[in-house]
There are 2 protein chains.
Amino acid sequence: MAGSEPDPRRRIVAGAADMISRRGLTATSIREMAKHAGAPLGSTYHYFPDGKQQLATEAVRYAGDLVSRSLRRELPAGPAAGLQAFLDMWRTIVLDSGFRAGCPVLAVAIEEPPTDDLPPALVAAAEAFDQWETLLADSLRAHGADPGEAAEVATLIIAAVEGTVAMCRAKRSIEPLDRTAAQLRRLIDTVTPAER
Amino acid sequence: MAGSEPDPRRRIVAGAADMISRRGLTATSIREMAKHAGAPLGSTYHYFPDGKQQLATEAVRYAGDLVSRSLRRELPAGPAAGLQAFLDMWRTIVLDSGFRAGCPVLAVAIEEPPTDDLPPALVAAAEAFDQWETLLADSLRAHGADPGEAAEVATLIIAAVEGTVAMCRAKRSIEPLDRTAAQLRRLIDTVTPAER
DNA sequence: GCTAGACTATGACGGTCGTTCTAACCAGAG
DNA sequence: CTCTGGTTAGAACGACCGTCATAGTCTAGC
């Protein structure tokens, strides 16, 4: 699923993102990440000298950028199209993995920082959320939504889909995502004036 | 925070729920759960002979019932009151823990099952989500919401709040919860006919 | 061919994991 | 008092953890 990438560094990062999305950060070992990417353990410390923390941070950024790119590609067609792309992405991941994989950004977000200062992976998770919200909110405003309400709706959409993906995994059913999708589509229609 | 309970078994379960909500299930060791509850390691295997899995399952059920009880207490005053209780509960947990704790049910929901058959803790997480949704949906219907839409809105509310709590932890800010809250309140007003 | 530097292979370090076991403790019943 | 049964103390098991170090292999450029 992540073995066709030629660049080993990138392959390790993509594999790490996938494993973190399944098991969480602490529960994923560097040895498993290496094996999952078909790379030797020594290579991980060659490519990522700062160890697990650096690899996790890059994995979160990788996943965050993947979603951001998809949003940037679809949002010009309107907020509803962006929502649909967001939904489709998670729907595919959840179904293809047999309800075993989810969002690596969420997985990192809910792990308690071990010390008082923030681990960079957690900061990267916050940045990913922020970027997704900003992209969505800007599109809502561009389609006539009230600026303040656009921010609220964007937060709600990201949070609701993230939460629903987790619910789908627990229930081993895609139905919650369909229900959430229906309500979020209606909400977008409500806050953006009718077009054409 | 969980040391005032006299019954040691219950104290261990409550402490385990708290730790799981911070670190996730795999990252929380039985030794830490015992120490956190002021109980010896041997006691955990005395009270929970099936080990970590049994303790985790009871912790998830404990947290699920805590929320369900709060919902049952507040929902007779209407869906908006139930939402407020739900929001207040997570708001308190997130703020009191300094953005370190969240929802143990969500934490268990996003951990990949190690084998093909479902661990009981994951089943308990699905049941908790189901119970919360059912309580909320029934209240929405009782206040005039369309039955199908009530189910969709209930799913959205639970998922959105769970996702927002995770977002608040990553951003170390309570603001996402306030934004989500405002939109969910509006949504409830929309689907329940005006009263009085 | 030869050498420099990127990469791999291998094993070791101290530590923690879940779990189990046995010996001790200690309340209350008889 | 003894006895009993719930509870604890403490050590031990093999396995895995993150990390590091060292020796080896490969490939580019000269």
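Residues numbered from 1 in each chain as written. Chains lettered and ligands numbered in written order. Predicted model: local features only at pLDDT ≥ 70, side-chain atom pairs only at ≥ 80, totals over all residues.

Caption draft 1: View of the overall build of chain A. Scanning chain A from terminus to terminus reveals nine helices and zero strands. Starting at the N terminus, the α and β elements of chain A follow one another as α-α-α-α-α-α-α-α-α. In terms of overall size, chain A behaves like a compact globule, its C-alpha atoms giving a radius of gyration of 18 Å where 196 residues would be expected to give roughly 16 Å. On the principal axes, the C-alpha backbone points of chain A span a range of 60 × 35 × 35 Å. Residues classed as buried in chain A amount to 52% of the 196 residues present. A separation of at least 24 residues holds for 62% of the contacts in chain A among residues at least 6 apart in sequence. (Helix = DSSP H or I, 4+ residues; strand = E, 2+ residues; numbered from the N terminus. Rg over C-alpha atoms; globule rule 2.2 N^0.38 Å. Buried ≥ 20, exposed ≤ 12 C-beta atoms within 10 Å, placed from the backbone. Contact = placed C-beta atoms within 7 Å.)

Caption draft 2: Region of interest: the packing of helix H7 (residues 120-142) of chain A against helix H8 (residues 147-171) of chain B. Two numbers describe how H7(A) lies on H8(B): the axes approach to 8 Å, and their chain directions differ by 125°. As judged from the angle between their axes, H7(A) and H8(B) are oblique. Classified by chirality, the crossing of H8(B) by H7(A) is left-handed. Here Leu122(A), Ala125(A), Ala126(A) and Phe129(A) of H7(A) lie close against H8(B), whose contacting residues are Met167(B), Ala170(B) and Lys171(B). (Axes fitted to C-alpha atoms, helices over the stretch in contact; angles between N-to-C directions. Parallel < 35°, antiparallel > 145°, perpendicular 65-115°, else oblique. Left-handed = near helix turned anticlockwise from the far one by under 90°.)

Caption draft 3: A look at the relation of the copies chain B and chain A. Note on the identical chains: chain B maps onto chain A by a rotation of 180° and an axial translation of 0.0 Å, with an RMSD of 0.0 Å. Taken together, the rotation and translation relating the two chain copies correspond to the operation of a two-fold axis. In this assembly, 100% of the residues forming the interface of chain B have copies in chain A that are likewise at the interface, indicating an isologous arrangement. (Least-squares fit on C-alpha atoms with pLDDT ≥ 70 in both.)

Caption draft 4: Structural view of the protein's contact with DNA strand D. Ser29(A), Gly51(A), Pro40(B), Gly42(B) and Ser43(B) are the nearest of the 17 residues found near DNA strand D. Contributing elements (two or more residues each) for the surface near DNA strand D: helix H2 (30-36), helix H3 (41-47) and helix H4 (52-74) of chain A together with helix H3 (41-47) of chain B. Classifying every residue of the surface near DNA strand D by side-chain character gives seven nonpolar, seven polar and three charged. (Near = placed C-beta within 6 Å. Nonpolar A, V, L, I, M, F, W, Y, C, P; charged D, E, K, R; others polar.)

Caption draft 5: Up close: the protein's contact with DNA strand C. Taken together, 17 residues form the shell around DNA strand C, and within it Pro40(A), Gly42(A), Ser43(A), Ser29(B) and Gly51(B) come nearest. Contributing elements (two or more residues each) for the surface near DNA strand C: H3 of chain A together with helix H2 (30-36), H3 and helix H4 (52-74) of chain B. Ranked by residues supplied to the surface near DNA strand C, first place goes to H3(A) with four residues. Tallied by class, residues from the surface near DNA strand C come to seven nonpolar, seven polar and three charged.

Caption draft 6: Representation of the interface of chain B and chain A. With 37 residues of chain B in contact, the opposing surface of chain A contributes 37 residues. No other element matches the 15 residues that H8(B) contributes to the side of chain B that touches chain A. Looking at the side of chain B that touches chain A residue by residue, the classes come out as 19 nonpolar, eight polar and ten charged.

Caption draft 7: Looking closely at the environment of Ala56(A). You can see Ala56(A) is positioned in helix H4. For Ala56(A) and Thr92(A), which are 36 residues apart along the polypeptide, the C-alpha to C-alpha distance reads 23 Å.

Caption draft 8: Seen up close, unusual backbone geometry. Residues and elements named next belong to chain A. Residue phenylalanine 99 is not a glycine yet carries a positive backbone phi of 65°. Here phenylalanine 99 lies in the loop between helix H5 (79-96) and helix H6 (104-109). Classification of phenylalanine 99 as buried rests on a count of 21 C-beta atoms within 10 Å. One non-glycine residue, arginine 172, adopts positive backbone phi at about 50°. By the element assignment, arginine 172 lies in the loop between helix H8 (147-171) and helix H9 (175-191). Classification of arginine 172 as partly exposed rests on a count of 15 C-beta atoms within 10 Å.

Caption draft 9: Spatial organisation of H7(A). With 23 residues, H7(A) should cover 33 Å at 1.5 Å per step; its first-to-last C-alpha distance of 33 Å lies within 8% of that length. Immediately beyond the C-terminal end of H7(A), within one or two residues, lies Gly144(A), with a positive phi of roughly 95°. (Expected span 1.5 Å × (residues − 1).)

Caption draft 10: A look at the packing of H4(B) against helix H7 (residues 120-142) of chain B. Residues and elements named next belong to chain B. Running from amino to carboxyl end, H4 crosses H7 at an angle of 5°, the nearest separation of the two axes being 8 Å. Regarding the angle of H4 to H7, the classification is roughly parallel. Facing H4, whose interface residues are Gln53, Ala56, Thr57, Val60, Arg61, Gly64, Val67, Ser68, Leu71 and Arg72, H7 presents Pro120, Ala121, Ala124, Ala125, Glu127, Ala128, Gln131, Trp132, Leu135 and Leu136. A class-by-class count of the residues in the contact of H4 with H7 yields twelve nonpolar, five polar and three charged.

Caption draft 11: Looking closely at helix H9 (residues 175-191) of chain B. A rise of 1.5 Å per residue sets the reference length of H9(B), with its 17 residues, at 24 Å; its end C-alpha atoms lie 25 Å apart and thus fit the reference within 8%. Among all positions in H9(B), only Pro176(B), Leu177(B), Arg179(B), Thr180(B), Ala181(B), Gln183(B), Leu184(B), Leu187(B) and Ile188(B) are buried. Its buried side turned inward, H9(B) meets H8 of chain A together with helix H5 (79-96) and H8 of chain B.

Caption draft 12: View of the environment of Ala59(B). All names here are of chain B. As for its placement among the helices and strands, alanine 59 is situated in helix H4. When the 29 C-beta atoms within 10 Å are taken as the criterion, alanine 59 is described as buried. Spatially, the C-alpha atom of alanine 59 lies 31 Å from that of glutamine 183, the residues being 124 residues apart in sequence. Ignoring sequence-local partners within four residues, the contact set of alanine 59 consists of Val13, Ala16, Ala17, Ile20 and Pro104.

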